Amino acid sequence: MQLLSNFLKHKKTDPELVELIDTLMLACKEIALQLREGELAGVLGVTENTNVQGETQKKLDVIANEVMKKVLLDNPLVRGVASEEEDDPVFGNPEGRFLVTYDPLDGSSNIDINVSVGTIFSILEVPPGAEPSDSVELFLQPGTQQLAAGYVLYGPSAVLALTTGDGVNMFTLAHTGDFLLTHEDVTVPAETREFAINMSNQRFWEVGMQTYVSDLLAGSEGPRSKNYNMRWVASMVAEVHRILTRGGLFTYPWDSREPNKPGKLRLMYEGNPMSMLIEQAGGLSTTCYERIMEVQPEQIHQRVSVALGSREEVKVLLAYHQKHRTENAN
Ligand SMILES: O=P(O)(O)OC[C@H]1O[C@](O)(COP(=O)(O)O)[C@@H](O)[C@@H]1O
Ligand SMILES: [Mg+2]
Ligand SMILES: [Mg+2]
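Structural notes, computed from the coordinates. (Residues numbered from 1 in each chain as written. Chains lettered and ligands numbered in written order. Predicted model: local features only at pLDDT ≥ 70, side-chain atom pairs only at ≥ 80, totals over all residues.)

As a further point, take the overall build of the chain. Secondary structure summary: the chain contains seven helices and 17 strands in total. On C-alpha atoms alone, the chain measures out to a radius of gyration of 19 Å, which is about the 20 Å that the 2.2 N^0.38 rule sets for 330 residues. Within the chain, the proportion of its 330 residues that are buried is 45%. The contacts of the chain with a sequence gap of at least 6 include a subset with a gap of at least 24, amounting to 62%. (Helix = DSSP H or I, 4+ residues; strand = E, 2+ residues; numbered from the N terminus. Rg over C-alpha atoms; globule rule 2.2 N^0.38 Å. Buried ≥ 20, exposed ≤ 12 C-beta atoms within 10 Å, placed from the backbone. Contact = placed C-beta atoms within 7 Å.)

This brings us to the packing of helix H4 (residues 207-217) against helix H7 (residues 311-329). Put simply, H4 and H7 touch, their axes get as near as 8 Å, and they point 135 degrees apart. Here H4 lies oblique to H7, going by the angle between them. Both H4 and H7 take part in a crossing whose hand is right-handed. Judged by residue contacts, Val207, Gly208, Thr211 and Tyr212 of H4 engage Leu317, Tyr320, His321 and His324 from H7. Split into classes, the residues belonging to the contact of H4 with H7 amount to four nonpolar, four polar and no charged. (Axes fitted to C-alpha atoms, helices over the stretch in contact; angles between N-to-C directions. Parallel < 35°, antiparallel > 145°, perpendicular 65-115°, else oblique. Left-handed = near helix turned anticlockwise from the far one by under 90°. Nonpolar A, V, L, I, M, F, W, Y, C, P; charged D, E, K, R; others polar.)

Any two packed helices are characterised by the angle at which their axes cross and by the distance between the axes. Look at helix H5 (residues 236-246) against helix H6 (residues 267-280): their axes get within 11 Å of each other, and the N-to-C directions meet at 10 degrees. The orientation of H5 with respect to H6, classified from their angle, is roughly parallel. Contact residues: H5 offers Met236, Val240 and Leu244, while H6 offers Glu270, Met274, Leu277 and Ile278. Of the residues that constitute the contact of H5 with H6, the class distribution is six nonpolar, no polar and one charged.

Turning next to the environment of Glu191. Secondary-structure assignment places Glu191 in the loop between strand S10 (179-183) and strand S11 (194-196). For the pair Glu191 and Gly309, spaced 118 residues apart in sequence, the C-alpha separation works out to 9.2 Å. Once you skip the residues sitting within four places of it in the chain, Glu191 turns out to touch Ser310, Glu312 and Glu313.

It is worth spelling out the pairing of S10 at this point. In terms of strand pairing, strand S9 (residues 168-173) meets S10 through four bridges, oriented antiparallel. Residue pairing for S10: Leu173 is matched across the bridge by Phe179. Hairpin geometry of S9 and S10 is characterised by an intervening segment of five residues between the two adjacent antiparallel strands and by a positive phi of about 90 degrees at Gly177. (Pairing = 2+ DSSP bridges.)

Taken together, Glu84, Asp103, Asp106, Gly107, Ser108, Ser109, Asn198, Ala234, Ser235, Met236 and Tyr252 are the residues near ligand 1. Within the shell around ligand 1, the residues separate by chemical class into three nonpolar, five polar and three charged. When residues are assigned to domains, the shell around ligand 1 turns out to be shared by domain 1 (4-183) and domain 2 (194-329), each giving three or more. (Near = placed C-beta within 6 Å. Domains from an automatic or database assignment.)

Another aspect to go through is the nonpolar core. Within the largest apolar cluster, 88 residues are counted, with the highest numbers of intra-cluster contacts made by Val100, Leu160, Ala161, Val240 and Leu277. Considering each element in turn, this core owes the most residues, eight residues, to helix H2 (residues 15-37). Formed jointly, this core draws a minimum of three residues from each of two domains, domain 1 (4-183) and domain 2 (194-329). Among residues more than four places away in sequence, those in contact with Val240 are Phe250, Met274, Leu277 and Ile278. (Core = buried A, V, L, I, M, F, W, Y, C linked by C-beta atoms within 7 Å.)

Attention now moves to the sheet that holds strand S8 (residues 158-163). Strands pair in a sheet through their backbones, by hydrogen bonds, and they do so in one of two ways: parallel or antiparallel. One open sheet holds the eight strands; their spatial order is S4-S3-S5-S6-S7-S8-S9-S10, and the pairing between them is mixed. One side of each edge strand has no neighbouring strand; the edge strands of this open sheet are strand S4 (90-91) and S10. Sheet analysis places strand S5 (residues 98-106) next to strand S6 (residues 117-125), joined by seven bridges and oriented antiparallel. Looking across to S6, one finds that Thr101 is bridged to Ser122. Packing of H6 onto the sheet brings it into contact with strand S3 (78-83), S5, S6, strand S7 (148-154), S8 and S9, and relative to S6 it is tilted by some 85 degrees.

What follows concerns the environment of Leu217. Mapping Leu217 onto the fold places it in helix H4. Here Leu217 falls in the partly exposed class, since 15 other C-beta atoms lie within 10 Å of it. Remark: the alpha-carbon pair of Leu217 and Leu72, spanning 145 residues in sequence, is separated by 45 Å.

Without other data, these values stay purely geometric and don't point to any function.
Below is the structure:
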């Protein structure tokens, strides 16, 4: 089995990008170790702080964020990092070429119950000709500009799913501390009978989403003429991993609980990197109105509505939204 860095070199990946990905994996291995020790290391539970999103930070949100920040900023290739758990971007080498955005610990409500969590990352390049000033503007690039994106899922095994814009590959963390290639050229099946949504929010969704999901629930007697299964892990990393492995549809849509926010998930730390992975594996990723990777970010912590997964199923979901919009317009 091939080592991550050998595989990337073999694919003629830019050597500096390979070095940066190796650096990212150093941080993820450290996070994996802390998670494995869990209660023994005293790292479970909450802090007294809230992050910029207004969410209570878990101890491991803070630890994972500090590990990622330190390891990345120690690498002179890194100009700056932006994290879900930091109010503002943090800058490193003014000559650095790369910008990294990350969700250090995704699915953190699962930490204390020992269920899968993950780290999501997105790699951008400093735009050519950008002033050498430390400005948040550097990061505000649409997802189509990502050089690479991925996640490490800390589940029964730790698995890296990675794209550098040339398909999606998966690597499993071995006991030697190396990530070894375990799935090459991952593709999302075009059709599915599985969906993932937090059903408890049903009454807050738009009509298009309400109708789509009630038709799924109607199963073989409904307009979709087939029975669907449902999953909700409450860790986006685990949901996307399931979809990359066996297909499915995942959505966290806009809802009327916070009508002025486009959604719950974060564009720069969750929406864009997951969209790149899904699209590179042949799936679709949308806000239900537009392609997520074409959304022009205006703020670093911007939220986004997300629907992604098996191509044909996402198209059906889009058609429900389109139909609802047309009916509304008439
Ligand atoms: O608890 P809810 O509302 O179902 O939300 C679950 C979603 O929130 C998230 O946990 C948000 O991520 P964080 O843990 O990084 O805040 C997603 O991973 C998941 O899809
Ligand atoms: Mg998250
Ligand atoms: Mg998080």
